[in-house]
Every structure is written in C-alpha cells, then in structure tokens.
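Secondary and tertiary structure notes
So the chains spell out like this:
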Amino acid sequence: MGEHNTYKWWKEAVGYQIYPKTFFDANNDGYGDIRGIIDKLPYLRELGIDFIWICPFFDSPLDDNGYDIRNYYKVHENFGNMQDIKTLIAKAKEMDIRIMSLS
C-alpha cells in the first residue's frame, strides 16, 4: 500500500472549551456572549490554544443548557446574533484559532 498523509491536526492541538453563558459578558447584561469570546481571542491566543470548542449558542429554550436547539439558523438572543458569529469566525481565523461547536 502506498503512503499517504494521515496527519490529523487535532491529535496534537490544544483546545479550550467555552460555555458561552459563563465565559465573558461583553455587554454587561448578566450573560456571557459571543462578543465576549471575540474580546478574549487575544488572551486565548496567548495561552497557546489551537482551537476553541464552543458549547451550543443557537436559539433554544435553554432547558438543557442549550443542547435543546430550536433553530440552527439563529443565535440565542442572550448570546448575540449571526453577525457576531461571522465576526468571531473571521477574527479567530486571523489568529489561527479553529472553532468547533457541538450541537
């Protein structure tokens, strides 16, 4: 059998899991939010992380900590909006930080 590249970046990567509700509240409303994650990206980069793993932030009744997703195309209002997600993705990419979200 021929050799092929089987490198899997995640095997050696350093991750940081974020529960948005309690991570950082950028707008001082009592809830952590996507803007809070954006604000802390430089700090996370300084830690040497390769990716962030974000717990669910989609629209949900929040009966199951956000895992009871009601709409995969809408961010829960406590956490921000889709433009915030787009900004997070762009800023993280600039810093070579990958993003994972499990839902």
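The numbers attached to residues start from 1 for each chain and follow its sequence in the written order. At least 70 in pLDDT is required for a residue's local features to be given in this predicted model, at least 80 for side-chain atom pairs to be given and counted, and no such filter applies to totals for whole chains, interfaces and linings, which use all residues. Working from all heavy atoms in the structure, the side-chain values ignore hydrogens and water.

- Per an unreviewed UniProt entry, the protein carries the name Alpha amylase catalytic subunit and comes from Breznakia blatticola.

**Some points on the UniProt feature "domain: Glycosyl hydrolase family 13 catalytic" (unreviewed entry) in the protein**
- Mapped onto the present numbering, the UniProt feature "domain: Glycosyl hydrolase family 13 catalytic" (unreviewed entry) falls at residues 17-100.
- Each helix is a run of DSSP H or I of at least 4 residues and each strand a run of E of at least 2, with the numbering of both proceeding from the N terminus. Structurally, residues 17-100 is divided into 37% helix and 19% strand, and its ends, taken at the C-alpha atoms, are 9 Å apart. UniProt positions are given in the numbering used here, feature names are shortened, and annotations may be inferred rather than shown by experiment.

**Re unusual backbone geometry**
- Its identity is not glycine, yet Asn28 carries a phi of approximately 55°, on the positive side.
- Throughout this description, buried means an accessible area under 20% of the type-specific maximum (1.4 Å probe, protein chains only), exposed means over 50%, and partly exposed covers the range between. Judged by relative accessible area, Asn28 falls into the exposed class, the value being 69%.
- Residues other than glycine seldom take positive phi values, yet Leu62 does so here, at roughly 60°.
- Inspection of the secondary structure puts Leu62 in the loop between β3 (58-59) and β4 (71-75).
- Residue class for Leu62 comes out partly exposed when judged on its relative accessible area of 27%.

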